[in-house]
Amino acid sequence: MTSQVSITLLYELQKSRLNFGNLFFLPQILRACGRFSAVKEGKQAHSLILKYGFTRNLNIMTSLLDMYSKCNYIEDAHNVFVEMPERDIVATNSMISGLCRCHSTSKAIELFNNMDERDESTWNSLISGLGQNSEGKIGLFFFERMRLEGAKIDAITSVSVLSICADLAALNYGRKIHGLVMKYGFNFDLPVGNSMIDMYAKCGCMNYALLCFNQMSVKNVVSWTSLISGFGKNGQGEDALKAFDAMERLKDCVVPNKITFLGALYACSHGGLVQEGKEIFNKMVYKYSITPIMEHYTCMVDLLGRSGRLFEAYSFIKNMPIKPDAKVLTAFLSSCCSYMNVELAKTASNMLLELEPEEAGVYMLMSNFYGQIGDLESVVNVRRLMLNRGIKKEKANTWIEIDNKVHTFESGDKSHPRSREIYSYLEELIEKMKKIGYVVNTSMIMQNVDDDKKEEIVLSHSEKLAIGFGLISTSPGTSLMIVKNLRMCVDCHLATALISKIEGREIVARDSTRFHHFKNGICSCRNYW
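Now for a look at the structure at hand. (Residues numbered from 1 in each chain as written. Predicted model: local features only at pLDDT ≥ 70, side-chain atom pairs only at ≥ 80, totals over all residues. Heavy atoms only, no water.)

Focus: helix α5 (residues 74-83)
Item 1. Turning to α5, its buried residues are Ile 74, Ala 77, Val 80 and Phe 81. Looking straight down α5, one finds that the buried residues subtend no more than 120° of arc, so they occupy a single side. Exposed residues lying more than 90 degrees from the buried face of α5 are Glu 75 and Glu 83.
Item 2. The inward-facing, buried residues of α5 contact α3 (39-51), α4 (58-70), α6 (89-101) and α7 (105-113). (Buried < 20%, exposed > 50% of the residue type's maximum accessible area, 1.4 Å probe, protein only. Helix = DSSP H or I, 4+ residues; strand = E, 2+ residues; numbered from the N terminus. Arc of directions from axis to C-beta. Contact = heavy atoms within 4.5 Å.)

A word on unusual backbone geometry
Outside of glycine, negative phi angles account for most residues, and trans bonds account for most peptide bonds.
Item 1. Positioned with a positive phi, His 103 is a non-glycine residue whose angle comes to about 70°.
Item 2. By secondary structure assignment, the location of His 103 is in the loop between α6 and α7.
Item 3. Within the chain, Ser 134 stands out as a residue other than glycine whose phi angle is a positive 60°.
Item 4. Structurally, Ser 134 can be placed in the loop between α8 (120-132) and α9 (136-148).

Considering the side chain of Asp 66
Item 1. Relative to the elements of secondary structure, Asp 66 occurs in helix α4.
Item 2. Residue classification places Asp 66 among the buried positions, given a relative accessible area of 19%.

Some remarks on the nonpolar core
Item 1. Ranked by size, the top nonpolar core spans 133 residues in total, and within it Leu 126, Phe 143 and Ile 177 carry the most contacts.
Item 2. Setting aside residues no more than four positions away along its own chain, Leu 126 makes contact with Ile 96, Cys 100, Ala 108, Ile 109, Phe 112 and Phe 142. (Core = buried A, V, L, I, M, F, W, Y, C linked by side-chain atoms within 4.5 Å.)

A closer look at the pairing of strand β1 (residues 397-402)
Item 1. Of all the 6 residues making up β1, 6 are buried; the element is thus mostly covered by neighbouring parts of the structure.
Item 2. Where β1 and strand β2 (residues 405-410) come together, 6 bridges link them in antiparallel fashion. By the bridge assignment for β2, Trp 399 is matched with Thr 408.
Item 3. A loop of 2 residues connects β1 with β2, the two strands running antiparallel in sequence, and Asp 403 in this loop sits at a positive phi of about 55°.
Item 4. Across 3 bridges, the pairing between β1 and strand β3 (residues 480-484) is antiparallel. Bridge assignment links Trp 399 to a residue of β3, and that residue is Val 483. (Pairing = 2+ DSSP bridges.)

Quick word on the sheet that holds β3
Item 1. Taken together, 6 strands build an open sheet; the order of strands is β2-β1-β3-β4-β5-β6 and the sheet is mixed. Each edge of the sheet is formed by a strand with only one pairing partner; in this case those strands are β2 and β6 (522-523).
Item 2. Taken together, the 4 bridges between strand β4 (residues 507-510) and strand β5 (residues 515-519) define a ladder with antiparallel strand orientation. The residue bridging Ile 507 from the neighbouring strand is Phe 518, located in β5.

A look at helix α2 (residues 25-35)
Item 1. With 8 of 11 residues buried, α2 is to be regarded as a mostly interior element.
Item 2. Among the residues making up α2, those that are buried are Phe 25, Leu 26, Pro 27, Ile 29, Leu 30, Ala 32, Cys 33 and Gly 34.

Details of the pattern of salt bridges
Item 1. Tallying each qualifying case throughout the model produces 16 salt bridges.
Item 2. Close ionic contact of Glu 248 with Lys 287 constitutes a salt bridge, the shortest N to O distance being 3.3 Å. A residue pair is termed long-range when its members are at least 10 positions apart, and Glu 248 in helix α15 (residues 237-249) and Lys 287 in helix α17 (residues 274-287) qualify at 39 residues.
Item 3. On the accessibility criterion, Glu 248 (15% relative accessible area) is buried.
Item 4. Among the salt bridges present, the one from Glu 312 reaches Arg 309, with a minimum N-O distance of 3.9 Å.
Item 5. Taken together, the shared-partner salt bridges in this structure form one network comprising Arg 118, Arg 145 and Glu 149. (Salt bridge = Lys/Arg side-chain N within 4 Å of Asp/Glu carboxyl O.)

Read these as spatial facts, not as claims about activity.
In structure tokens form, the structure reads like this:
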């Protein structure tokens, strides 16, 4: 919060003490405090509320509760809620939103279930909050419950559920919501239209995303940015730049912002469009006078590094006007490892470990890199360092939507009801793959186990299990879509390509960085990932 705003708030608070009969003034002050996280000034307002006996004013107390929750003072918000002489739906909805904002979703659900009366805002607060806390599957459960109880579905509900479908890559469910949107006429609502573009893009269906975009009568910068970013993440870099050019030709109607440029730069980075990426970056700075943020610099380092221009990328990092963060250095380290540049990889890893000594991804990247170049002593040293510092690798998991239900798998998972069928099907499939030249890549397995055990570990990676489940659960020829929380491993990338050829399936894989569209043994990324 700026000092000017702080002084203004204090001035208004002091003025209100002289003429406190104007009750609508306090909620305005509290809203401003919540917007700027000015909890100190908010507490001063709270003191005035107590002093002048306004604790029975429902509007003021709800504004006070909302201010505390937006400042992440959820215990203070809860105390206000408990101490309110009376509460209405608005106050309870605000409390549910606050609990979700502070990641206390179980308490939000408990409060929701104990309500005697709910309106559409109540449902929207909970469903939206669950989605924002990566609890989309629970959010969809409550959406189904909302429909069963006959609650009114509005445009806000549609946006929240579409966002959940986008995060889960729940394409079939998203199509179902698309149908409801058309039924209720929400397709003319701009935020709903933007959410539809984003949902289809994140489900790897850019043809549908483009169709939704073209059908919108009104488009804003979010619409264009969603389309450009969607093309980029789906490996359609040239289409992303065509969309960016079309947006620019609109002149003053819609002006690209920093997020639009981020989407365009990402598209260049993952499409190997080096010169175009440089031009986009320069246009952002010199034509539109947008000061780059760290994400823009990360894209530029990634763009140069992926294309093998490691020294140019290193020079770019050293000449940045701001200190590089972990994402910039990780992008550089990843490229150094891909191009087997040992010296620059060590330089990048040392910089990273100094900056973020508890980031597990750095250790794993270096461990895998040393394993690939045969430096087993360094592998042991990195693993020992992780052990000494108590650093654990993030668990990999992959999920797939089948019959409107999302199924999640971890590596080596045998908890699924159809686990035996999955493993049996995969064993037969792997034998077919080996007959056409497939060799399991175990270079990323650093455990001190024999080769057979390493192969067993790789063959039970979460991606393969999700694909196996998809294969036994759908009709021949049906396309599959999987989502992984981490970067797809080299072996799973190769295996998925072969599976797409043997099974005659199109398989779309969304990992933490991009989409991979596999068809007839070929991936859309052209191994440039």
